[in-house]
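# Architecture at a glance
Listed here are the chains, written in short residue letters.
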Amino acid sequence: MTEVEISRLLAGLPLPAMLISDGERVQACNAQALALLGEGIVGRHPAIAVRAPGVLEAIGRVGPETPPQEARMSLRREGQEQVFQVTVSSLREGLVLCVFRDVTEEEKAGEMRRDFVANVSHELRTPLTALMGFIETLKHAAKDDPKAREVFLGIMEAEAGRMNRLVRDLLQLSRVEAEERVRPKEPVALKPLLEGVISSLRGVAEKTGDRVELVGDPVTVPGDRDQLVQVFTNLVENALKYGRAGQVVRVSLSPEETVRGPAVRVEVADEGEGIDPVHLPRLTERFYRVDTHRSREMGGTGLGLAIVKHIVSRHRGWLRVESVVGEGSRFSVILPLG
Ligand code: ADP
């Protein structure tokens, strides 16, 4: 191949690519490879261009008789760790082609999936272990003790309820995720919807002597009614759960201008202990809790805000959280009108 043919071939590849001759000289690179590995690597030793031992070994190992070799390479670019899958293949004796594919996102997605499975297993195992312990006790030690049986059955009911809520929230989350690309269009009148949510939580509010107030003018948004009920139920429930006993939870509707045009802001403000700013960026992650023990005690699954975030994003809206420690938190959902 002539120099011109080689450079045309490399330019035609949609990924960073580099050609090495005799294992010790970078013969040619396309523009993406220069951007990735540094200008001025042509003519230098491959170890100057690629510092990953695995890739250099693959370059040394591959030959006309061997199949293409795969190796991994990590790079720090603009403060971010990037991972590349490098395919090293021999074109002919003494001529090796390296093609780099960015697999950072795939790696991250894989890691998130593994974390998620580990979290779900852990969350399910805790109540399951308790249930199994109590079943064992009821079969033996507490067999003929009706009083103990009553107590243990109560705890078992609570633990089974916890598993049930967790499975319900997991299913809800996966449903919302599956539909996230389709923007809902049904006209939803928000004020009556919020009134419904508030009245369905009256029992919860009464337990702690809280009052929930609703202010603002009626407004209709394109949306999915059931999912919006879910969003505001989660937010008002959290305000009641993590608020101060006897507080007033304020739910308000107000107009808002956004980059996507006119919108409505629904704010849920409590008078609770507030959330330290360090937690705010991670609050909507699945299973993220500020105080795991407290959340569990309140019957929380740690999935409520993750569900809220996905539903709001399906509505092309925004979730904003502001909080002052010691004073309270404000969760706002901004929904576009058009
Ligand atoms: P949970 O089931 O634990 O309530 P969420 O996803 O609804 O899960 O909320 C995640 C965490 O955010 C909670 O565990 C709690 O620590 C915190 N949080 C949510 N809402 C509030 C609030 N109104 N005030 C204080 N903390 C809150």
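Residues numbered from 1 in each chain as written. Predicted model: local features only at pLDDT ≥ 70, side-chain atom pairs only at ≥ 80, totals over all residues. Heavy atoms only, no water.

## Things to note about the packing of helix H5 (residues 104-139) against helix H6 (residues 146-179)
As a reminder, the rule being used: Helix axes use the C-alpha atoms of the stretch in contact, all axes being lines fitted to C-alpha atoms, and the angles between their N-to-C directions lie in the range 0 to 180 degrees. Under the DSSP-based scheme used, a helix requires at least four consecutive residues in state H or I and a strand at least two consecutive residues in state E, with every element numbered from the N terminus. Roughly parallel means an angle under 35 degrees; roughly antiparallel means over 145; roughly perpendicular covers 65 to 115; every other angle is labelled oblique. Helix crossings fall into two classes, left-handed where the near helix is turned counterclockwise from the far one by less than a right angle and right-handed where it is turned clockwise. Classification convention: Asp, Glu, Lys, Arg as charged; Ala, Val, Leu, Ile, Met, Phe, Trp, Tyr, Cys, Pro as nonpolar; all other residues, Gly among them, as polar.
For the pair H5 and H6, interaxial distance at closest approach is 9 Å and the crossing angle is 160 degrees. Relative to H6, H5 is oriented roughly antiparallel. H6 is crossed by H5, and the crossing has left-handed handedness. Residues that form the contact of H5 with H6 fall into these classes: 19 nonpolar, two polar and four charged.

## Remarks on the nonpolar core
Side chains that are nonpolar tend, in soluble globular proteins, to be buried together. We apply this condition: Put simply, a nonpolar core is a bunch of buried Ala, Val, Leu, Ile, Met, Phe, Trp, Tyr and Cys residues held in one set by side-chain atoms that sit within 4.5 Å of each other. Think of it in three bands: residues with accessible area under 20% of the maximum for their type are buried, residues over 50% are exposed, and the middle band is partly exposed, with areas taken using a 1.4 Å probe on protein chains only.
Core analysis: the biggest nonpolar cluster contains 43 residues, and Leu-190, Leu-228, Val-231, Phe-232, Leu-235, Val-333 and Leu-335 have the highest contact counts within it. Elements supplying a minimum of two residues to this core: H6, helix H7 (190-200), helix H9 (225-241), strand E9 (248-258), strand E10 (261-269), helix H11 (304-314) and strand E12 (328-336). No other element matches H9, which puts seven residues into this core. Of all hydrophobic cores here, the second largest spans 24 residues; its members include Met-18, Cys-29, Leu-36 and Cys-98.

## Quick notes on the packing of H6 against H11
Defined as follows: Only heavy atoms enter the contact rule, under which two residues are in contact if any of them lie within 4.5 Å.
Look at H6 against H11: their axes get within 9 Å of each other, and the N-to-C directions meet at 20 degrees. As far as their axial angle goes, H11 and H6 are roughly parallel. The hand of the H6/H11 crossing is left-handed. Contacts between H6 and H11 pair Asp-169, Gln-172, Leu-173, Val-176, Glu-177 and Glu-179 from the former with Ala-306, Ile-307, His-310, Ile-311 and Arg-314 from the latter. For the contact of H6 with H11, the residue count by class is five nonpolar, two polar and four charged.

## Notes on the pairing of strand E3 (residues 69-77)
Strand residues, when the strand is regular, have side chains that alternate between the two faces of the sheet. To keep it simple, the criterion reads: Being paired, for any two strands, means DSSP has found at least two bridges between them.
Bridge count between E3 and strand E4 (residues 80-92): nine bridges; the pairing is antiparallel. The partner of Leu-75 across the bridge, within E4, is Gln-82. Linking two consecutive strands that pair antiparallel, namely E3 and E4, is a turn of two residues; a positive phi of about 45 degrees is found at Glu-78 within it.

## Let's talk about the pattern of salt bridges
Should their charged atoms come close, side chains of opposite charge can pair. We count it as follows: Salt bridges are defined by distance alone: a side-chain nitrogen of Lys or Arg within 4 Å of a carboxyl oxygen of Asp or Glu.
Inspection of every chain in the model, using the stated rule, returns 21 salt bridges. Between Arg-289 and Glu-123 there is a salt bridge; the shortest N-O distance is 2.9 Å. On the criterion of sequence distance, the pair formed by Arg-289 in the loop between E10 and helix H10 (292-297) and Glu-123 in helix H5 is long-range, its members being 166 residues apart. Given a relative accessible area of 11%, Arg-289 falls into the buried group. The class of Glu-123 is buried, set by a relative accessible area of 7%.

## Describing a negative patch on the surface
Which entries qualify depends on this criterion: Here a patch means residues that are over 30% exposed by relative accessible area and free of salt bridges, tied together within 9 Å if like-charged and within 5 Å if nonpolar (Val, Leu, Ile, Met, Phe, Trp, Tyr). Accessible surface area values rest on a Shrake-Rupley calculation with a 1.4 Å probe, where residue burial reflects the displayed protein chains alone. Residues counted as positive are Lys and Arg, residues counted as negative are Asp and Glu, and His and the chain ends are not counted. To locate a charge, take atom NZ for lysine, CZ for arginine, CG for aspartate or CD for glutamate.
On the surface, Asp-22, Glu-24, Glu-65 and Glu-93 cluster together to form a negatively charged patch. Positionally, Glu-24 belongs in the loop between strand E1 (17-21) and strand E2 (25-29).

## Topic: unusual backbone geometry
Look at Asp-22: it is not a glycine, yet its phi comes out positive at around 55 degrees. The phi dihedral of Glu-78 is positive, around 45 degrees, even though this residue is not glycine.

## Thoughts on H6
Note the threshold: The span one expects for a helix is its residue count, reduced by one, times 1.5 Å.
Here H6 is 34 residues long and its end C-alpha atoms lie 49 Å apart, about the 50 Å a rise of 1.5 Å per residue gives. Among all positions in H6, only Ala-148, Phe-152, Met-156, Glu-159, Arg-162, Met-163, Leu-166, Asp-169, Leu-170, Gln-172, Leu-173 and Val-176 are buried. Tucked inside the fold, the buried residues of H6 contact H5, H9, H10 and H11.

## So, the packing of aromatic side chains
To be explicit about the condition: Each aromatic pair joins two rings of Phe, Tyr and Trp (for Trp, the six-membered one) with centres within 6.5 Å, and gets the label stacked for planes under 30 degrees apart, edge-to-face for over 60, and tilted for any other angle. Only when the NZ of Lys or the CZ of Arg is both within 6 Å of the ring centre and within 35 degrees of the ring normal is a charge said to sit over the ring.
In the structure shown here, the tally under the stated rule is two aromatic pairs. With 5.1 Å between their ring centres and 40 degrees between their planes, Phe-134 and Phe-152 make a pair best called tilted. With Phe-134 in helix H5 and Phe-152 in helix H6, this residue pair connects regions lying 18 residues apart in the sequence. Here the basic side chain of Arg-286 rests over the ring of Phe-116, its NZ or CZ set 4.5 Å away from the ring centre.

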